[in-house]
Amino acid sequence: MDHIGCICCNEKGSQTNLNSVFFVICGRRATLKVWVKRGNKQGMSGARGDQEQRPQPVPVVIVGGGTAGWMTAAALAHLLPGQCVITLIESEEIGIVGVGEATLPHLRAFNTRLGIDEADFVASTRATYKLGIEFRDWGRIGDSYIHPFGTFGRALNGVAFHQFWARLNAEGRAQPIDTYSLPCVAARLARFEPRDDPDAAIPGFGYAYQFDATLFGPFLRRRAEAQGVTRIEGRVVDVARDPSSGDVTAVTLSDGRTINGALFVDCSGFRSLLLGQTLNEGWEDWSAWLPCDRAVAAPCASKGPLLPFTTATAMPGGWRWRIPLQHRTGNGHVYSSAHIDDAAALDALLGALEGPPLAEPRVLRFNAGRRRRSWVSNVIGVGLAGGFLEPLESTSIYLVQLAVQTLIELFPTDGVTDVDRNAFNRTVDLEYDRIRDFLILHYHATERNDSPFWDHVRTMAVPDTLAEKLELFRRRGRIEHYGQGLFLEPSWVAVYLGQRIRQWGWDQRAGALPLEAVAAAVDQLQAETRAVATAMPDHAEYLARCGGALAT
Ligand SMILES: Cc1cc2nc3c(=O)[nH]c(=O)nc-3n(C[C@H](O)[C@H](O)[C@H](O)COP(=O)(O)OP(=O)(O)OC[C@H]3O[C@@H](n4cnc5c(N)ncnc54)[C@H](O)[C@@H]3O)c2cc1C
């Protein structure tokens, strides 16, 4: 199966090639015949059953019109035209979660596959460009590092740059690793311009967006409706199931209307109306490792240069995000209610705002974890209905995208089978589990001992999968190579080194070259990286050229 690439590498299949790897399978699927009975009241589980001899589109009901709902609707409508009839139900009275503004580079591939023009997207969602995430105060108070959407230096003779860096560092001759990364240097200078050539002397990088969460759904809605999606305003109050198969067959709205479907996508947010409440699918709880369970969010007026990155600042009971948009700055304080109360969390957030608040602060409650299975019967949980990992690495919208892509690849034109469900669940589970480990690393790899919260996460036992990764890195700087996945070598290097995990040894091949030659090459790379970054336009200037309009 084609897979979404990692966020950092510039190798084949990674972010700079996302446009070619995302959704490519869909064209092939689009030629499949459809044999599902119109308005299939029996649902979709099992074999085809009695077939009509003429292809019929699959009736798909999406419950929820947040980012997950509209991404699902827009992608299905655009990429499987004629193969499904889509109805989306949302409730204005309930509303959307209204956060989720920092993304990963994969979103560009999503937009491209849907034929979305970047300038239109940037103008419509008040987006800014994002080169990575700055982490402040995580290893120790006063520390700062950037996790970039690109590499550190470049490999030499097949040996990763950080191996040479480790050797130089042991000799006291290395500069901070991010000074060898173009996106990091450009970010620090508040400069931005796309540079995606992985073979350039100074390798290019990927980039993402930061956008207004309340504008992205409506932007996709306009497109989806133009492509035939029916939107129904209403509140789902009842769910009907087939007594023999257990499949969901219809949902009933508070005004009595009934909406039938064959395939149901649960995008109802934390409520998890179908997957959690109706099908009662179990919850895998990760709060022992990721104890943050609340956030208070408040936008404020922007101040200072427009930075092309998100900032995550560690706080005594959690951490705080800062997301610069064209017209405002998004802020939020993610915290552990076992370690700090709501009032203190709110005070800490308000005290840190760079400008006057633009809306009343909102408190959100959540738990880290996921449903044991995302696809059960004929219901697929996408977005917050399927699971939640805190936004430290901006991964939730990516997980929506992964689920939508996988659903499209497996789209059950001829009835849902266990094989489809299992394949879907394996793909989604694996990505959740790996992201979980990566997030835990941020908390665990710290020297902070200034609060009970940091004492807890610093000393807690971590999953074996993460403990092994840490050991592997410490011994020789090795990062486990995944064939697929989101966070690959540069991401792990960024967090390990940024949070003071040092490797004791290095790849022997990095020790084979003369030290002076390595030092000279690395110095030159650093100087050229800075020169390239300095020649880029200012982020605000580039944005204005691309249709952005900053608040004055
Ligand atoms: C504090 C916080 C910060 C976050 N930051 C980021 C980030 O920076 N980057 C990132 O990628 N992700 C982030 N996320 C996650 C991101 O916000 C979500 O993944 C994304 O918005 C998708 O949400 P959703 O569509 O699943 O749910 P929601 O936005 O909650 O939408 C749910 C929809 O279901 C509808 N609904 C619910 N019940 C019913 C009913 N009974 N009848 C009819 N309709 C119903 C609602 O009306 C709504 O339309 C963050 C999440 C939180 C909590």
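Residues numbered from 1 in each chain as written. Predicted model: local features only at pLDDT ≥ 70, side-chain atom pairs only at ≥ 80, totals over all residues.

A.B. asks: Talk me through the confidence of the model for the protein; I want residue IDs and the actual numbers.
C.D. replies: On average, residues of the protein score 90 in pLDDT, and 90% of them are at 70 or above. The model gives residues 47–51 a pLDDT under 50, and that stretch makes six contacts with residues more than four places away or in other chains. (pLDDT = per-residue confidence, 0-100. Contact = placed C-beta atoms within 7 Å.)

A.B. asks: Please provide a residue-by-residue account of unusual backbone geometry, values included.
C.D. replies: A positive phi is found at D137, a non-glycine position, where the angle reads about 70°. Structurally, D137 can be placed in the loop between β4 (132–136) and β5 (144–148). A residue is classified by how many C-beta atoms lie within 10 Å of it, and D137, with 19 of them, is partly exposed. The backbone phi angle of A190 is positive, close to 60°, even though this residue is not glycine. For A190, the position within the fold is in the loop between α7 (182–188) and β6 (208–210). (Helix = DSSP H or I, 4+ residues; strand = E, 2+ residues; numbered from the N terminus. Buried ≥ 20, exposed ≤ 12 C-beta atoms within 10 Å, placed from the backbone.)

A.B. asks: Give a detailed account of the site of the ligand, specifying residues and quantitative values.
C.D. replies: Near the ligand you find 40 residues, and of these G64, G66, G100, G269 and G383 are the closest. Residue assignment for the shell around the ligand shows that the elements contributing at least two residues are α3 (67–79), β2 (84–90), β13 (294–297) and α11 (396–409). Classifying every residue of the shell around the ligand by side-chain character gives 21 nonpolar, 15 polar and four charged. Residues lining the shell around the ligand come from more than one domain, with at least three contributed by each of domain 1 (32–101 + 212–283 + 367–435) and domain 2 (294–365). (Near = placed C-beta within 6 Å. Nonpolar A, V, L, I, M, F, W, Y, C, P; charged D, E, K, R; others polar. Domains from an automatic or database assignment.)

A.B. asks: For the sheet that holds strand β12 (residues 283–285), give the residues involved together with the corresponding values.
C.D. replies: In any sheet, the strands associate via hydrogen bonds between backbone groups, in a parallel or an antiparallel arrangement. Across the sheet, which stays open at both edges, the three strands sit in the order β12-β18-β21 with antiparallel pairing between neighbours. Two strands lie at the open edges of the sheet, namely β12 and β21 (387–388), each paired on one side alone. Across two bridges, the pairing between strand β18 (residues 369–371) and β21 is antiparallel. Counted as the bridge partner of R370 is G387 from β21. (Pairing = 2+ DSSP bridges.)

A.B. asks: Before we move on, could you go through the pairing of β2 and cite the residues and values that matter?
C.D. replies: Along β2, six of the seven residues are buried, which leaves the element largely enclosed by surrounding structure. Sheet topology places strand β1 (residues 58–63) next to β2; six bridges connect them, and they run parallel. Note on β2: the bridge partner recorded for V58 is C84. Read as a crossover between parallel neighbours, the route from β1 over α3 to β2 is right-handed. Summarising the sheet, β2 and strand β7 (residues 230–233) pair through four bridges and their orientation is parallel. Following the sheet pairing, I89 is matched in β7 by I232. (Right-handed = clockwise from strand over helix to strand, strands pointing away.)

A.B. asks: A description of the sheet that holds strand β16 (residues 329–335) should follow, citing residues and the corresponding values.
C.D. replies: Taken in spatial order, the seven strands of this open sheet run β5-β4-β14-β15-β16-β13-β17, and their pairing is mixed. Pairing within the sheet leaves two strands with one partner each, and these edge strands are β5 and β17 (362–365). The sheet shows a mean angle of 20° between the axes of neighbouring strands, direction not considered. With five bridges connecting them, β4 and β5 associate as antiparallel partners. Bridge assignment links R136 to a residue of β5, and that residue is S144. Helix α15 (residues 489–498) rests against β4 and β5 of the sheet, and its axis sits at about 175° to β5. (Axes fitted to C-alpha atoms, helices over the stretch in contact; angles between N-to-C directions.)

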